[in-house]
Every structure is written in C-alpha cells, then in structure tokens.
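# A structural walkthrough
Chain by chain, the residues:
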Amino acid sequence: TCCMCDEDSMATFFRRYIKEDHGIHVPETRTCKWLSMRSPIHLDKFCRQNFAPGNLKTASGACPVTCGLCEGRDECQDAIENYIATTTWVNHYNNTTYESVYWYSYGEGGSSDGTGQYSYMYYFDRYGNYKFLGYYQERDENTFILDGGDYCEEEDRSISSKVIVEGTKEFGGDGIYFSQSSPCSYELKVFVYCGDDITNTTNTISFHQSSRNLFQTLGEHFYPQPEDEKLDWQK
C-alpha cells in the first residue's frame, strides 16, 4: 500500500541484527538519509524487507519517499541527488586535445559527503598550464555556479564556470562533457543514467568517465559492503 509522501531524513529503520561482544543479538538501525545514499541495488533490497522487531519500522515504513512508494517520485532526480551526494571529485580528460578538467566537491568542514558546498574547478591544457575556474557560489537546482577564478583579460573579469548534472534514460547516454561557453566562462556537464536498466549500466562512454565510478568499483571489489551479511541463526 502507498503512504503519505513525507519522511524525516533522520527517521530510523531496522537494518539487521548484530552480535555484540557478550553474545546478545541487538537490532541495528539506520536513517533515511543513510538509505538515500545506497546504490540502487542495495536500496531496492532494503526497501523490500518486510520485517522489523518490536516498535522499529522497516525501511519502506520509515522512508516511503526514498523507497519510491509515493506518487510523483522522480527517479532521475533521485539518481542526480545520489551522484551529487557520493561524488567528491570528477575528472574529464579529452583524448584528442589532451586537455583535462578537475572538479573537486566536498561538504562542510572538508567532509567527503560530496554536497558541493565547498567546490572548485581547474582546467589544464595539453602543456600542463592551468586555469582556476572558480569557487562554489551557489546551487541552482542541479547546477553548481562557480566564480572568482583567474583574471580573464578578454572580458576584464574573473573566470566563472558551471557544473550541471542531468539525468538521462538513454542507455549509454551517461558521461562527462566540457565546453567553453564564452572567453571567460566554462561549463562541465555530467549526464547520470536513470533508466529502467540502471543496475546494468557500465557508466562509461569512451574516455568520458567519472573517477568516482572507478574508485567505487575497485572499493566494492576489494572491500565489499556487508549488505547481505547474515548471522548463522538468520540463515
């Protein structure tokens, strides 16, 4: 059944039982905010759980919006928010011109939550010369506006730039693209896949790839998340 389209990001749900040092099994809880940061595969797994002990809630009961039980859920916006929340830096490299762009994005106090509130961007040409493209100024929906970059003589002002994150349901349409919109303005555009086959996308388009995906893949391979871990008595 559906539910009220409202949730508290700090509301908690039952994740699993854990065994403490003295041998007692106790329930472990997580917040809706934590749930919203999971990969699509793990999000679906948690939202399908239908058991919670005592007065605790299941993920779908505590976090109906995150679990997509309410009408009007925008899957592409979910994918965009997840990308922003889990991305701390993006590297674009052009194999033809040998140019590269780095966008560093981090949260308050230097935390690696990828909110973009303290982000900045650099451009490097084929010879290693660089331009500073600005600091974070504000977020306008899915666009991060940066300003205060190096001085630009052509327009007698500092360089400004934008980072735009968009969703695409076209399989293979995700990628990272960089362009110069004016002599003193630059634009980094990231397309995030949000189609029906979201769990199978490789998230690669030739050399346009976010380093986040590479590190995440390696991390999950060498240090898999214990999402499916069960105690012997639960099997």
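Structural data are supplied above this passage.
Heads up: these notes are all about the structure in this document. (Residues numbered from 1 in each chain as written. Predicted model: local features only at pLDDT ≥ 70, side-chain atom pairs only at ≥ 80, totals over all residues. Heavy atoms only, no water.)

### Points about the environment of threonine 29
With respect to the helices and strands, threonine 29 occurs in strand 2 (residues 25–31). Classification of threonine 29 by relative accessible area gives partly exposed; the value is 34%. On a C-alpha basis, the gap between threonine 29 and phenylalanine 13 in space is 5.3 Å, while along the polypeptide they are 16 residues apart. Among all residues touching threonine 29, those that are not within four sequence positions of it are Thr12, Phe13, Phe14, Arg15 and Leu56. (Helix = DSSP H or I, 4+ residues; strand = E, 2+ residues; numbered from the N terminus. Buried < 20%, exposed > 50% of the residue type's maximum accessible area, 1.4 Å probe, protein only. Contact = heavy atoms within 4.5 Å.)

### Description of the sheet that holds strand 12 (residues 185–193)
Strand pairing in a sheet relies on backbone hydrogen bonds, with the paired strands running either antiparallel or parallel. Taking strand neighbours across the sheet as the criterion, the eight strands line up as 3-4-5-6-7-10-12-11 in an open arrangement whose pairing is mixed. The strands lining the two open edges of the sheet, one partner per strand, are strand 3 (89–93) and strand 11 (175–182). Ignoring which end each strand starts from, the neighbouring axes of this sheet average 20 degrees apart. Sheet analysis places strand 5 (residues 120–124) next to strand 6 (residues 130–140), joined by four bridges and oriented antiparallel. Within strand 6, the position partnered with tyrosine 120 by the bridge is tyrosine 135. On the sheet, helix 4 (residues 75–86) packs against strand 3, strand 6, strand 7 (143–147), strand 10 (160–168) and strand 12 and is oriented at approximately 135 degrees with respect to strand 10. (Pairing = 2+ DSSP bridges. Axes fitted to C-alpha atoms, helices over the stretch in contact; angles between N-to-C directions.)

### Notes on the packing of aromatic side chains
Both the distance between ring centres and the angle between the ring planes are used here to describe each pair of aromatic rings. Enumeration according to the criterion identifies 23 aromatic pairs in this entry. On the numbers, 6.2 Å between centres and 55 degrees between planes, the contact of tyrosine 136 with phenylalanine 144 is tilted. Look at phenylalanine 144 and you get buried, because its relative accessible area is 0%. When the centroid spacing of 5.7 Å and the interplanar angle of 10 degrees are considered together, the rings of phenylalanine 178 and tyrosine 186 count as stacked. A relative accessible area of 22% means that phenylalanine 178 is categorised as partly exposed. Site record: aromatic cluster; members linked through ring pairs are Trp89, Tyr102, Tyr104, Tyr120, Tyr122, Phe124, Tyr130, Phe132 and Tyr135. Above the plane of the ring of tryptophan 34 lies arginine 38, whose end atom (NZ or CZ) is 4.1 Å from the centre. The lysine or arginine in question, lysine 45, covers the ring of phenylalanine 46, its NZ or CZ lying 4.7 Å from the ring centre. (Phe/Tyr/Trp six-rings, centres within 6.5 Å; stacked < 30°, edge-to-face > 60°. Lys NZ or Arg CZ within 6 Å of the ring centre and 35° of its normal.)

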